[in-house]
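Remarks on the overall topology
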Amino acid sequence: MKAGMSMKQSEFNKGLRAGLSIGIGYFPVALTFGLLAKTTGLSLVETTAMSIFVFAGAAQYISLSLITAGVDPFLIVLNTFIVNIRHFLMTASLNEKMQPSSKPVKAAVAFGVTDETFSVIATSKEDKVSSAQAFGVIAVAYGSWVVFTAIGHVIGDNLPVFLQAAMSIALYALFIALLVPSMKGNRKVVLLASVSAILSCVFYYTELLSTGWAILVSTLVSSVLIELLYAKVVRVPIPAVEKEES
Amino acid sequence: MGTAYWWMLLGMALVTYIPRMIPLTVLDGKKLPPLITGILSNIPFAVLGALIFPAVFYVQEGNILFGIIGAGTAFLIAILGFGLMPVVLGTIGVLAVYSLFN
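Residues numbered from 1 in each chain as written. Chains lettered and ligands numbered in written order. Predicted model: local features only at pLDDT ≥ 70, side-chain atom pairs only at ≥ 80, totals over all residues.

**A look at the overall build of chain B**
Helix and strand content of chain B: four helices and zero strands. Overall, chain B shows an N-to-C arrangement of helices and strands of α-α-α-α. Within chain B, the proportion of its 102 residues that are buried is 43%. (Helix = DSSP H or I, 4+ residues; strand = E, 2+ residues; numbered from the N terminus. Buried ≥ 20, exposed ≤ 12 C-beta atoms within 10 Å, placed from the backbone.)

Quick look at the structure:
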């Protein structure tokens, strides 16, 4: 029992370390969210509650501009759904990467799945990630998101301007840092990322889809297309091998 | 904002949580066909491509160069084999210096 606990503890700690870069990346984003919410007219409690209960960066930002524009709350909820529907795809994928757990544990992990926590957990070098490790990643990310939302509302825009500008790159640097090691010597990963990046740019510049949908559709199309391509490429030599053997 | 805000928040929380929760609980322990498994395991890498581009170019409004320098720095540090933290902090550092002189 004790050994089991300490194993879980070390898995959790491993997750904490992996999540640290998300914690740093969320710092400026959450701080700015807190500040903007204040200028939108939300109280400290209302603002922090949104970060506590919703925990979805992009959707929270968009809700602020919709509140300012006086949009019907129902439409704000609908918009939140559309922006976050991509997480359906991510959690379906995450399921393949995670060790089986009880349903309540999985349901708790699900609350913490954002673009960033998903990316860190799903690109882990380990074959299967434990729930304890996932909780570690999520704990740092969630903690940073909630705490810095509140701090942003309280202290406002007091970070030096040059540093705030520089820190806005943090989440993208994190995504790049997660992608590059997997790309090395793996043409499939390079293709997957390039095709979806190109599609996402096409959707952006043609204004065909809003950001939430663009990410969802680009990801899905690229994942399916490349998989079919590889299934075909791989399937060709298999009959040849079988022939030789028989 | 009052009561309407809290109802909206409840709605936002539910529509965010439910799509995150259903696949993880419903699919848990289920064996899926290999083609589906293959597609699902492709998603992390495809998602990263779509999350990075083109958004990284627009981190600073009206200054695409800022995003390009940031993305370039991050790619460079990552290709050299450094981990998450050096990439994130190094990129912030380079852009902080850049912002200081611009």
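Next, the rest of the story.
**A look at the overall build of chain A**
The helix and strand inventory of chain A stands at 13 helices and zero strands. For chain A, the succession of helices and strands along the chain, N to C, is α-α-α-α-α-α-α-α-α-α-α-α-α. Partitioning the contacts of chain A with sequence separation of at least 6, the portion at a separation of at least 24 is 79%. (Contact = placed C-beta atoms within 7 Å.)

**Quick notes on the domain arrangement of chain B**
Per the domain assignment, the segments of chain B are domain 1 (1-30) and domain 2 (34-101). The C-alpha centroid of domain 2 of chain B is placed 29 Å from the C-alpha centroid of domain 1 of chain B. (Domains from an automatic or database assignment.)

**A word on the confidence of the model for chain B**
Residues and elements named next belong to chain B. Scored by pLDDT, chain B has a mean of 92; 99% of the residues are at 70 or more. By mean pLDDT, helix H4 (residues 84-100) is the weakest element of chain B at 91, and helix H3 (residues 64-79) is the strongest at 96. Here the predicted complex carries an ipTM of 0.92, next to a pTM of 0.83. (pLDDT = per-residue confidence, 0-100.)

**Describing the interface of chain B and chain A**
In this complex, chain B contributes 60 residues to the contact, which on the side of chain A involves 79 residues. Residues that form the side of chain B that touches chain A fall into these classes: 45 nonpolar, 13 polar and two charged. (Nonpolar A, V, L, I, M, F, W, Y, C, P; charged D, E, K, R; others polar.)

**Things to note about unusual backbone geometry**
The omega torsion across B:Phe53 and B:Pro54 is 0 degrees, close enough to zero to call that bond cis. The backbone phi angle of A:Glu207 is positive, close to 55 degrees, even though this residue is not glycine. Looking at the secondary structure, you find A:Glu207 in the loop between helix H11 (187-206) and helix H12 (211-235).

**Considering the confidence of the model for chain A**
Residues and elements named next belong to chain A. Confidence along chain A averages 88 in pLDDT terms, with 91% of residues attaining 70 or more. Mean pLDDT across the secondary structure elements of chain A bottoms out at helix H13 (residues 237-245), with 45, and peaks at helix H2 (residues 44-53), with 97. Scored below 50 in pLDDT, residues 238-246 makes zero contacts in the model with residues more than four places away or belonging to other chains.

**Structural notes on the nonpolar core**
Membership of the largest hydrophobic core comes to 105 residues, with the highest contact counts inside it found for A:Tyr172, A:Ala173, A:Leu174, A:Phe175, A:Ile176, A:Ala177 and B:Ile52. With twelve residues, helix H10 (residues 170-183) of chain A is the largest single contributor of residues to this core. Formed jointly, this core draws a minimum of three residues from each of two domains, domain 1 (1-30) and domain 2 (34-101) of chain B. Setting aside residues no more than four positions away along its own chain, B:Ile52 makes contact with A:Tyr172, A:Phe175, A:Ile176 and A:Ala197. (Core = buried A, V, L, I, M, F, W, Y, C linked by C-beta atoms within 7 Å.)

**What to know about the UniProt feature "transmembrane region" (unreviewed entry) in chain B**
Residue and element names in this part refer to chain B. In the numbering used here, UniProt assigns the "transmembrane region" (unreviewed entry) feature to residues 6-27, 39-59 and 65-98. Its end C-alpha atoms 32 Å apart, residues 6-27 is made of 95% helix and 0% strand. Between the C-alpha atoms that bound residues 39-59 the distance is 30 Å, and the span itself is 67% helix and 0% strand. (UniProt positions renumbered as here; feature names shortened; annotations may be inferred.)

**Notes on helix H6 (residues 103-111) of chain A**
All buried positions along H6(A) are accounted for by A:Lys106, A:Val109 and A:Ala110. The buried residues of H6(A) occupy one face: seen down the axis, they fall within an arc of 105 degrees. (Arc of directions from axis to C-beta.)

**What about the environment of A:Ala150?**
All names here are of chain A. Topologically, alanine 150 is positioned in helix H8 (residues 131-155). Separated by 101 residues in the primary sequence, alanine 150 and alanine 49 place their C-alpha atoms 9.3 Å from one another. Leaving out residues up to four positions away in the same chain, alanine 150 has contacts with Gly34, Leu44 and Thr48.

**Looking at the packing of helix H7 (residues 115-122) of chain A against H8(A)**
Residues and elements named next belong to chain A. At a minimum axis separation of 10 Å, H7 and H8 run at an interaxial angle of 150 degrees. When the interaxial angle is binned, H7 and H8 end up roughly antiparallel. The way H7 lies across H8 gives a crossing that is right-handed. Where H7 approaches H8, its residues Glu116, Thr117, Val120 and Ile121 are matched on the opposing element by Ala134, Val137, Ile138 and Ala141. (Axes fitted to C-alpha atoms, helices over the stretch in contact; angles between N-to-C directions. Parallel < 35°, antiparallel > 145°, perpendicular 65-115°, else oblique. Left-handed = near helix turned anticlockwise from the far one by under 90°.)

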